[in-house]
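Each chain, letter by letter, is given below.
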Amino acid sequence: ERRTRVRRGGTHLSSQWTPNIDRLAEDGVVLTQHIAAASVCTPSRAAFLTGRYPIRSGMVSSNAFRVLQWTAASGGLPTNEITFAKILRDQGYATGLIGKWHLGLNCESSRDHCHHPQAHGFDSFLGMPFTMMADCARWELSEKRVGLERSLGLWFQVLAVASLTLTVGRLTQLTSSWVPAIGAALAAAVLLTASRLVGHLIVHADCFLMRNHTVTQQPLDFDRATPLLLQEVSSFLQRNKHGPFLLFVSFLHVHVPLVTTKGFLGRSHHGLYGDNVEEMDWMVGHILDMLDQEGLADRTLVYFTSDHGGSLESRLGTNQYGGWNGVYKGGKGMGGWEGGIHVPGIFRWPGVLPAGQVIQEPTSLMDVFPTVVQLGGGQVPQDRVIDGRDLLPLLLGTAQHSDHEVLLHYCQRFLHAARWQQRDQDPTLWKVHFMTPIFQPEGAGACYGKVVCPCIGEGVVQHDPPLLFDLSRDPSESHVLTPDSEPRFHQVVGRVRQAVEEHQRSLGTVPQQLGTLHNLWRPWLQPCCGPFPLCSCDTEDQGQ
């Protein structure tokens, strides 16, 4: 049995513009209630690889950090976590990761690679150890550059005023030494320089390519990224087509700055975002064609999904760069609303899985772990809680219902919502919200002016009683149900609260990998292909 996995980092697609993804769906099984375990990438990817809620592995925080902030942070997927790649490698599979990682890199030095993909079961890696972001192209949209420039500029002004004040004090003999004034002036100069250079630092510190443990392109060459990654897919398949393999292709596409090759620019009626989606669809088709050419299509399970919904806040003027979420409310970063966690789910395995089947049962990205492990001949670990459930019976049509009765929706370590699939005479998919973000401005559908909505604090409303929705009839979560309008209100909320209590009793105490302690830039952890800070190189084949 050979496996390849195709993954995307965007949102829901219009079928008119994605013929290859449509073909994948027509030939495979579509999961219409497929849910990510988090609404942002780092914790969602951790849950996908381990089959466990991010809170179990510590891939959460209690502060405003939602994902890993720097490549040179010490946080990441803990070494004691078990990924499906690690299990399949032990079963004799060749395992590879091509594309985005964003689950950490180093712990104590720039070469220990404790969180590296190869420490988590992947034999080979070519891609970005961090993530694609707007700051990689120095867009006006910014995840951290603008905030850092503003903070450094403010402190520069404070120290400049302090230096001027101390200078006046020395000239008027109110102070007896020039040292404080000179020290403040030097510190102000350093901060001013840093505010001017921080954008360049980010590009070199986070936007680079690694091949296994070696930095090969710093910073990333956007124009060559797509053909280079596709060539690596082809090379991997050719090297490993005679034995079992697992390939995780993690696209850099459908994420700001929407890097798109010239051949796709201006093709879509949906602007740059549409261009980027169409190129990603072409890449999917190219990979499927590779499988056909190598005679692997009928022996390969292909899985296609996203790690979260579209980013509504990634908008400038009338240009929407973060995607759309269709009828689903909210988007990326929102712990409970469907727009942030409701993602595509497609499985294709010709001759094994029935073509054209649609499954409307609740499923999770975490389900891939036990499904792939058992298909590969491995054993699901018994020494820890695995929250995913084997999907194969559903995919084959031998089971009518998902093994998930309840799925929980966290925002950092805070539980925002949960869904319950009630199976009785009137089957219903219920959604209970305990907390929701306050949209800005009032009446909007997102937190405009922010990178993402907050998880806790003044920007969040805690609901008592909780908000209740019937997703079976109201997928857009538009009509709040109350005890007066829904006779089963207390029954549903009570059942969900019971499930939450049972879940929370199963949680242990683990270090928070995304907290401040592990999520700050540390110069000694910075990968650099030259003498730091002169990090610049390109050793990838120029002919790619």
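A quick note: this is a predicted structure, and the numbers were derived from the prediction, not measured.

Across its 19 residues, helix H7 (residues 222-240) extends 28 Å between first and last C-alpha, which sits within 8% of the 27 Å expected from 1.5 Å per residue. The backbone nitrogen of Asp223 lies 3.1 Å from a side-chain oxygen of the residue at the head of H7, namely Asp221.

Right, let's get into the side chain of Asn20. Mapped onto the elements of the fold, Asn20 is located in helix H1 (residues 19-26). For Asn20, the side chain forms a polar contact with the side chain of Asp281, separated by 2.9 Å. Setting aside its immediate chain neighbours within four residues, Asn20 contacts Asp281, Trp282, Gly285 and Leu288.

Our focus in this paragraph is the pattern of salt bridges. Enumeration according to the criterion identifies 24 salt bridges in this entry. The residue Asp307 makes a salt bridge to Arg45 at a minimum N-O spacing of 2.8 Å. Taken together, the positions of Asp307 in the loop between strand S9 (300-305) and strand S10 (315-316) and Arg45 in helix H2 (residues 41-50) put the pair 262 residues apart, joining distant regions of the chain. An identical accessibility class is assigned to Asp307 and Arg45; each is buried. Between Arg473 and Asp470 there is a salt bridge, with its nearest N and O atoms 2.6 Å apart.

Residue position: Lys144 is located in the loop between strand S5 (124-128) and helix H5 (145-171). Beyond its immediate chain neighbours, meaning those up to four positions away, Lys144 contacts Gln69, Trp70, Phe130, Met133, Asp135, Ile202 and Asp206.

Judged by how many residues are buried, strand S16 (residues 414-422) sits mostly within the fold: 9 of 9 residues are covered. Sheet analysis places strand S15 (residues 406-411) next to S16, joined by 6 bridges and oriented antiparallel. Bridge pairing in S16 links Leu408 to Ala418. In sequence, S15 turns back onto S16 through a hairpin of 2 residues, with Gln412 there showing a positive phi of about 55°. When S16 meets strand S17 (residues 428-437), the two strands line up antiparallel, connected through 6 bridges. Residue pairing for S17: Gln421 is matched across the bridge by Leu429. Counting the residues in the hairpin turn of S16 and S17 gives 5 residues.

The next thing to look at is the environment of Tyr410. You can see Tyr410 is positioned in strand S15. For the pair Tyr410 and Glu81, spaced 329 residues apart in the sequence, the C-alpha separation amounts to 20 Å. Beyond its immediate stretch of four places on either side in the chain, Tyr410 contacts Ile55, Gly335, Leu415, His416, His503 and Leu507. Only 2.7 Å separates the side chain of Tyr410 from the side chain of His503, close enough to count as a polar contact.

Turning our eyes to something else, we now look at the nonpolar core. Of all hydrophobic cores here, the largest spans 52 residues; its most connected members are Met132, Leu220, Val233, Leu237 and Leu247. The set of elements that each furnish at least two residues to this core consists of H1, strand S4 (94-100), S5, helix H6 (179-206), H7, strand S8 (245-250), helix H8 (271-293) and S9. Residues Ala46, Met210, Phe248 and Leu365 belong to the second largest nonpolar core, which totals 43 residues.

The rules we used
Residues numbered from 1 in each chain as written. Predicted model: local features only at pLDDT ≥ 70, side-chain atom pairs only at ≥ 80, totals over all residues. Heavy atoms only, no water. Helix = DSSP H or I, 4+ residues; strand = E, 2+ residues; numbered from the N terminus. Expected span 1.5 Å × (residues − 1). Polar contact = N/O pair within 3.5 Å; in protein donor to acceptor, adjacent residues only side chain to side chain. Contact = heavy atoms within 4.5 Å. Salt bridge = Lys/Arg side-chain N within 4 Å of Asp/Glu carboxyl O. Buried < 20%, exposed > 50% of the residue type's maximum accessible area, 1.4 Å probe, protein only. Pairing = 2+ DSSP bridges. Core = buried A, V, L, I, M, F, W, Y, C linked by side-chain atoms within 4.5 Å.

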